[in-house]
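# Secondary and tertiary structure notes
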Amino acid sequence: LERVMNLLSAAVDVMSSNAWLNALGAMDLSQMCVQAMWESDSPLRQVPHFEPDVIKRCKEAGVESVYDIMDLDDEPRNRLLAMDGRQMRDVAAFVNSYPSLDVNHELVKGNYRAGAPIVLQVALGRGDEDEEEDADAGVVVAPYFPGKKLANWWVVLGEQGTRQLHSIKRVTVAKSTAVKLE
């Protein structure tokens, strides 16, 4: 699996060096390998103890994402999930470590002319900045992945119509990160 991750990273590098927006497919496959689930699976499948019956109950209640679980009040969540204390602690640990990034961007002012690069400033910040920094911050909760996996992000600027990739940067976000894309 570690070799697969290196191969997928290399595939992203090769496709992006050719300005192919298809690099997004390799990025998606990378995430699927880490979480041991297909893109078409319910995102709830990655939550510990979320067996098919729990996922079905959640879907029927309109709860379809990890963020929806975060938004539930304690009592409705406890009734919906119907899990014991240990299982609920595992769910809480996963949900509390689930990534939440704030992304903002702005065009850097300059005297741009035809054919000259345009600079876009992108600011990424973790949504849990008010919480204390711990040793496992930035580590992906992936029970089927061997070893620790740090959360990496790709900041991509592309054009869907032409499937052309214009700029790409791979980043790790601790609290906040600023990236310039040309």
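What you are looking at is a predicted structure, and each value in this text was computed from that prediction instead of being measured.

What counts, and at which threshold
- Residues numbered from 1 in each chain as written.
- Predicted model: local features only at pLDDT ≥ 70, side-chain atom pairs only at ≥ 80, totals over all residues.
- Heavy atoms only, no water.
- Core = buried A, V, L, I, M, F, W, Y, C linked by side-chain atoms within 4.5 Å.
- Buried < 20%, exposed > 50% of the residue type's maximum accessible area, 1.4 Å probe, protein only.
- Helix = DSSP H or I, 4+ residues; strand = E, 2+ residues; numbered from the N terminus.
- Contact = heavy atoms within 4.5 Å.
- Axes fitted to C-alpha atoms, helices over the stretch in contact; angles between N-to-C directions.
- Parallel < 35°, antiparallel > 145°, perpendicular 65-115°, else oblique.
- Left-handed = near helix turned anticlockwise from the far one by under 90°.
- Nonpolar A, V, L, I, M, F, W, Y, C, P; charged D, E, K, R; others polar.

Counting 16 residues, the largest nonpolar core has F50, C58, L81, M83 and V91 as its most contacted members. For this core, the secondary-structure elements that each account for two or more residues are α3 (52-60), α4 (66-71), α5 (74-81) and α6 (85-97). Sort the elements by how many residues they give to this core and α6 lands first, with four residues. Excluding residues within four positions of it along the chain, F50 makes contact with L44, I55, C58, I69, L81, M83 and V91. One finds L120, V122, V173 and V179 within the second-largest nonpolar core, a separate group that totals eight residues.

We now examine the packing of helix α1 (residues 2-17) against helix α2 (residues 23-35). Where α1 contacts α2, the axes come no closer than 8 Å and their chain directions differ by 165 degrees. What the angle tells us is that α1 and α2 run roughly antiparallel. For the element pair α1 and α2, the recorded crossing hand is left-handed. For the pair α1 and α2, contact is made by V4, M5, L8, A11, V12, M15 and S16 and by A23, A26, M27, L29, S30, C33 and V34, respectively. Considering only residue class, the contact of α1 with α2 consists of 12 nonpolar, two polar and no charged.

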